[in-house]
Every structure is written in C-alpha cells, then in structure tokens.
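# Reading the structure
The chain contents come next:
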Amino acid sequence: MPLREHVPLAPYTTLGLGGEARYFVECDTEDQVRAALVHASARHLPVYVLRITVGGIEFRDGPTPEVRAGAGVDWDTVVQGVAERGWTGVECLSGIPGTVGGTPIQNVGAYGQEIAETLVSVACLDRTTRERQTFTAEDCAFGYRDSRFKRADRGRYIVLEVTLQLARDRTPRIRYPELQRAVAGLGGLETIAPTEAVRLVREAVLTLRRSKSMVLDPADPNTRSAGSFFTNPVLSVDAFADLEKRWTGIPSFPADGGVKVPAAWLVEQAGFPKGYRGTGRGAGVSTRHALALVNLGGTSADLLALAEEVRSGVERQFGIRLAYEPEVVSPSSPPPSRSR
Ligand SMILES: Cc1cc2nc3c(=O)[nH]c(=O)nc-3n(C[C@H](O)[C@H](O)[C@H](O)COP(=O)(O)OP(=O)(O)OC[C@H]3O[C@@H](n4cnc5c(N)ncnc54)[C@H](O)[C@@H]3O)c2cc1C
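Residues numbered from 1 in each chain as written. Predicted model: local features only at pLDDT ≥ 70, side-chain atom pairs only at ≥ 80, totals over all residues. Heavy atoms only, no water.

## A closer look at the overall build of the chain
A count of helical and extended segments in the chain gives seven helices and 14 strands. Its C-alpha atoms give the chain principal-axis dimensions of about 60 × 55 × 40 Å. Across the chain, contacts joining residues at least 24 apart in sequence account for 59% of those joining residues at least 6 apart. Taking the average location of the 40 positive side-chain charges in the chain and that of its 40 negative ones, the two points are 3 Å from each other. (Helix = DSSP H or I, 4+ residues; strand = E, 2+ residues; numbered from the N terminus. Contact = heavy atoms within 4.5 Å. Lys, Arg positive; Asp, Glu negative; His and termini not counted. Charge placed at Lys NZ, Arg CZ, Asp CG, Glu CD.)

Structural data, given as structure tokens:
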C-alpha cells in the first residue's frame with residue numbers, strides 16, 4: 001500500500017479540477033483502509049475519502065437474485081452485469097459514473113429509480129472505532145440525493161461493500177415520460193420477455209444519457225462535469241402555490257414532503273441557458289444539459305464562481321436557493337476528521 005506525496009487530484013475527478021493531496025493512498029482491502037486510518041490518526045491528518053479500490057463482484061442467482069460488490073467496483077459494471085442476467089431493479093441507473101462505494105452516499109438516482117429501492121445492506125468501516133458495521137437500507141435514512149452518510153454521520157463511515165437485491169422475470173416499470181418515449185422508440189416492452197425488456201431499458205437510458213452528455217466520454221467536452229451541479233428543490237405545497245401565482249407554466253412533480261421543481265428549468269429561466277459561459281469564461285453551462293457545469297479549461301475558482309452566479313441568479317428571480325449536489329472540499333471547508 002504505497003503512500004504517495006503531493007499528488008494532484010484533478011486526474012481523479014470528472015471535472016478535471018482539484019488541488020493537491022499532501023498524502024494519497026489507494027486501499028484495496030479493509031485492512032489497508034484500517035492501516036491508512038491509523039497512519040493518518042498518528043499524524044493528526046484529516047482524511048478525505050476519494051479512492052477506495054476494494055474490488056470483488058458476486059452475482060447470486062435465485063428466486064430473489066442478489067449482487068454483492070466491493071466499494072471500488074465501477075458502478076456501471078454492476079448495472080451491466082445485472083441487466084445482462086435480465087434482473088430488474090437498477091436498469092434506470094445505467095451509465096452513472098463512479099464507484100459502488102459512492103452510490104449509497106447520496107442515494108444515486110435517475111429516471112425515477114434510486115439505489116435505496118434495491119439496496120439490502122452496506123458494510124462500512126467506522127472511522128471512530130475502526131470496526132466493521134453493516135447497515136440495512138432502513139438504517140441508511142435515504143432521501144432524495146441524501147442519506148445518513150451525508151448528514152449525522154458525514155465522514156464517519158467508509159463504505160467497503162454493498163449488497164443489492166433484484167427481481168427476476170419482471171418487466172421494468174418506467175415512471176419518467178421521457179424514458180417511456182425513448183423505450184417506445186426502441187419498440188416498447190409489451191411484446192418482449194422481461195429479460196429482454198431490462199436490456200432494452202438499459203439501452204434507452206444510455207442513449208438518453210449520451211444525448212445529454214451524462215455518460216463519461218473523453219471525446220465529449222461536456223462530460224468534464226460533476227453531472228448535475230444542483231439538486232431539484234422540493235417546495236412545500238404552500239410555497240409552490242405561491243410561486244405559481246407569480247410564474248405560469250412551472251413544471252413540477254409530486255415529491256415526499258411537497259412538490260419537486262426541476263432545477264434545470266429554474267436555471268434556464270433565470271438567464272443561464274445551455275452553453276452559457278461564466279464571467280471567468282473558464283467554466284460554462286453544458287451545451288446539452290442546463291444543470292451540468294463544465295470545466296472549459298479554467299480553474300476550480302472559475303467553476304465555483306459560475307456556480308454562485310447561477311445560484312444567486314435563481315435566488316434573485318424565484319426566491320429559491322439551490323443546493324449543490326457535489327461536495328466542495330477546500331482549505332476553508334476541510335473534510336471532517338473522524339479518526340482517533
Ligand atoms: C457525467 C455525470 C453524470 C452523473 N449522473 C448522475 C445521476 O444520474 N445520478 C446521480 O445520483 N449522480 C450522478 N452523478 C454523480 C456521481 O456519478 C455519483 O455521485 C457517484 O455516486 C459518485 O461516485 P464516486 O465513486 O465517483 O464518488 P465521489 O464523487 O468520489 O465521492 C462522492 C462522495 O462520496 C464519498 N465516497 C465515495 N466513495 C466512498 C466510500 N467508499 N466510502 C465512503 N464515502 C465515499 C466521497 O467522500 C464524497 O463525499 C453524475 C456524475 C457525472 C460526472
């Protein structure tokens with residue numbers, strides 16, 4: 001487990017931006033994670049989890065099939081393996097970049113599906129005790145792009161392994177009209193077997209995501225992003241009714257606790273269309289997706305200035321303060337220190 005020093009982090013981020021890690025270590029096993037924490041603790045170093053490389057993936061067939069994968073496994077490799085077997089449950093999460101270990105942190109989701117729906121358990125290492133602890137989906141307190149790992153227990157647990165439970169012989173249910181149209185365009189699900197239906201939905205999701213530069217592609221400059229930079233705000237029913245008095249034609253979806261308004265719509269209406277370039281010009285809004293802020297060869301400061309410009313513009317226009325989806329780590333907001 002070699003400890004490297006002064007490692008530039010930009011190559012490890014999809015934005016291609018980032019400072020330098022004083023120390024950097026990749027951990028392939030639980031014991032290596034533990035050893036790295038001991039090392040950091042002895043030197044009073046704050047630890048930020050960026051790259052856990054614990055591998056291993058196991059597909060268990062049966063009446064309710066399961067997949068167990070190490071935190072470092074590429075997420076889409078899991079989705080692909082599940083779809084190839086014709087199992088249902090994660091097909092709408094096709095093409096989301098990142099590792100298995102990252103998925104429970106913000107309860108990754110797309111096209112009306114979330115990891116919370118299939119997750120059975122998450123095995124973690126507790127940074128305060130250095131003991132292994134396993135959480136059920138209920139324990140994780142999942143919400144929209146949210147979980148206990150982002151709130152009360154932010155920075156406390158390192159995910160080592162995730163287990164999902166899928167369904168077999170079941171035609172996927174598609175909730176999003178945009179995806180329903182894409183699936184219909186590929187021939188629809190009515191006349192095909194459930195196993196084929198799962199593969200078709202995956203194909204439709206990947207096609208849709210590519211059209212929005214939401215699948216990583218080194219040849220597509222729009223994918224130098226963090227995906228959606230802002231979450232969709234959920235307003236109380238009263239706040240939404242108030243907004244509707246001032247603005248007509250606001251798209252909305254029912255959500256737990258109120259009404260969800262697409263942040264992309266708010267951003268565009270507030271004067272930041274696709275292709276908008278920030279005042280620093282080193283960052284801009286993707287030409288294909290109004291929520292993706294893209295590094296156009298600038299700096300982290302350019303990107304954060306653009307994020308604030310967009311956020312202030314939306315707040316001025318609609319009185320809604322958008323929340324960032326990615327986590328910003330900077331010298332002024334260092335990672336939480338949890339090791340003893
Ligand atoms: C083009 C693009 C499209 C995207 N589309 C979507 C989408 O549709 N839906 C969606 O939900 N997200 C989307 N994302 C966001 C991103 O893919 C997810 O958040 C993903 O889960 C990040 O995984 P990661 O391994 O890269 O984690 P990172 O981005 O490295 O980390 C994210 C957070 O998780 C923590 N973390 C990561 N691994 C571990 C671990 N093993 N243990 C403890 N903490 C850990 C980090 O410390 C950090 O707080 C998109 C991103 C891009 C670039």
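Back to the text.
## Re the packing of helix α2 (residues 75-84) against helix α4 (residues 194-211)
Look at α2 against α4: their axes get within 8 Å of each other, and the N-to-C directions meet at 145°. Along its contact with α2, which presents Asp76, Val79, Gln80, Ala83 and Glu84, the element α4 presents Val198, Arg199 and Arg202. Per-class residue counts for the contact of α2 with α4 are three nonpolar, one polar and four charged. (Axes fitted to C-alpha atoms, helices over the stretch in contact; angles between N-to-C directions. Nonpolar A, V, L, I, M, F, W, Y, C, P; charged D, E, K, R; others polar.)

## A short note on the site of the ligand
The local shell around the ligand holds 29 residues, among which Val49, Pro97, Thr99, Gly109 and Glu327 are the closest. Between an oxygen atom of the ligand and a side-chain N or O atom of glutamine 106, the distance comes to 3.0 Å. In isolation the ligand has 970 Å² of accessible area, and contact with the protein removes 82% of it. Among the secondary structure elements, those contributing two or more residues to the shell around the ligand are β5 (109-110) and β9 (157-165). Looking at the shell around the ligand residue by residue, the classes come out as 15 nonpolar, 10 polar and four charged. (Near = heavy atom within 4 Å. Polar contact = N/O pair within 3.5 Å; in protein donor to acceptor, adjacent residues only side chain to side chain. Areas by Shrake-Rupley, 256 points an atom, 1.4 Å probe, with all protein chains shown as cover.)

## A word on the nonpolar core
Core analysis: the biggest nonpolar cluster contains 51 residues, and Trp75, Val78, Leu164 and Leu179 have the highest contact counts within it. Mapped by element, the contributors of at least two residues to this core are α1 (30-42), β4 (66-70), α2, β7 (119-126), β9, α3 (177-185) and α4. Residues from two domains meet in this core; each of domain 1 (4-42) and domain 2 (57-211) gives at least three. Excluding residues within four positions of it along the chain, tryptophan 75 makes contact with Val90, Leu93, Ile96, Gly98, Thr99, Val100, Thr103, Ile115 and Leu164. In terms of nonpolar packing, the next biggest core, distinct from the first, is built from 29 residues, Leu17, Val267, Val310 and Ile320 among them. (Core = buried A, V, L, I, M, F, W, Y, C linked by side-chain atoms within 4.5 Å. Buried < 20%, exposed > 50% of the residue type's maximum accessible area, 1.4 Å probe, protein only. Domains from an automatic or database assignment.)

## Quick word on the domain arrangement of the chain
One can read the domain layout of the chain as domain 1 (4-42), domain 2 (57-211) and domain 3 (221-318). A separation of 31 Å is found between the C-alpha centroids of domain 1 and domain 3. Taken together, the five residues of domain 1 in the interface contact 10 residues of domain 3. Contact between domain 1 and domain 3 buries roughly 520 Å² in total, counting both sides, with carbon and sulfur atoms accounting for 59%. The interface formed by domain 1 and domain 3 contains zero salt bridges. Looking at the side of domain 1 that touches domain 3, its residues break down into two nonpolar, three polar and no charged. (Buried area = accessible area lost by both parts, 1.4 Å probe. Salt bridge = Lys/Arg side-chain N within 4 Å of Asp/Glu carboxyl O.)

## A look at the pattern of salt bridges
Scanning the entire structure with this criterion turns up 25 salt bridges. Here glutamate 327 and arginine 154 are joined by a salt bridge, their closest N and O atoms 2.9 Å apart. In this pair, glutamate 327 is assigned in the segment after α7 (300-318) and arginine 154 in the loop between β8 (132-136) and β9, connecting sequence segments 173 residues apart. Overall, glutamate 327 belongs to the partly exposed group, its relative accessible area being 43%. Measuring nitrogen to oxygen at the nearest pair gives 3.9 Å for the salt bridge that ties aspartate 242 to arginine 246. Separated by four residues within a single helix, aspartate 242 and arginine 246 lie in helix α5 (residues 237-246), roughly one turn from each other. Judged by its relative accessible area of 39%, aspartate 242 falls in the partly exposed class. Residue class for arginine 246 comes out partly exposed when judged on its relative accessible area of 48%. Here the salt bridges share partners, and the residues they tie into one network are Glu30, Asp31, Arg34, Glu58, Arg60, Glu66, Arg68, Arg132 and Glu161.

## Section: α2
The element α2 is largely enclosed, with a buried count of seven among its 10 residues. Packing partners of the buried residues in α2 comprise β3 (57-60), β4, β9 and α4. Glycine 86 lies just past α2 and shows a positive phi near 75°.

## Quick notes on the sheet that holds β3
Pairing is antiparallel across the open sheet formed by five strands, whose spatial order is β3-β4-β9-β7-β8. Strands at the two margins of the open sheet, each flanked by one partner only, are β3 and β8. Within the sheet, the average angular offset between the axes of one strand and its neighbour, ignoring direction, is 15°. Relative to β9, β4 runs antiparallel, the two sharing five bridges. Bridging from a neighbouring strand, alanine 69 pairs with valine 162 of β9. (Pairing = 2+ DSSP bridges.)

## Details of the sheet that holds strand β10 (residues 234-235)
Spatially, β10-β12-β11 is the arrangement adopted by the three strands of the open sheet, whose pairing is antiparallel. Only two strands of the sheet have a single partner each, and these edge strands are β10 and β11 (253-255). Here β10 runs beside strand β12 (residues 258-260); their pairing, made up of two bridges, is antiparallel. Residue pairing across strands places leucine 235 opposite valine 259, the latter belonging to β12.

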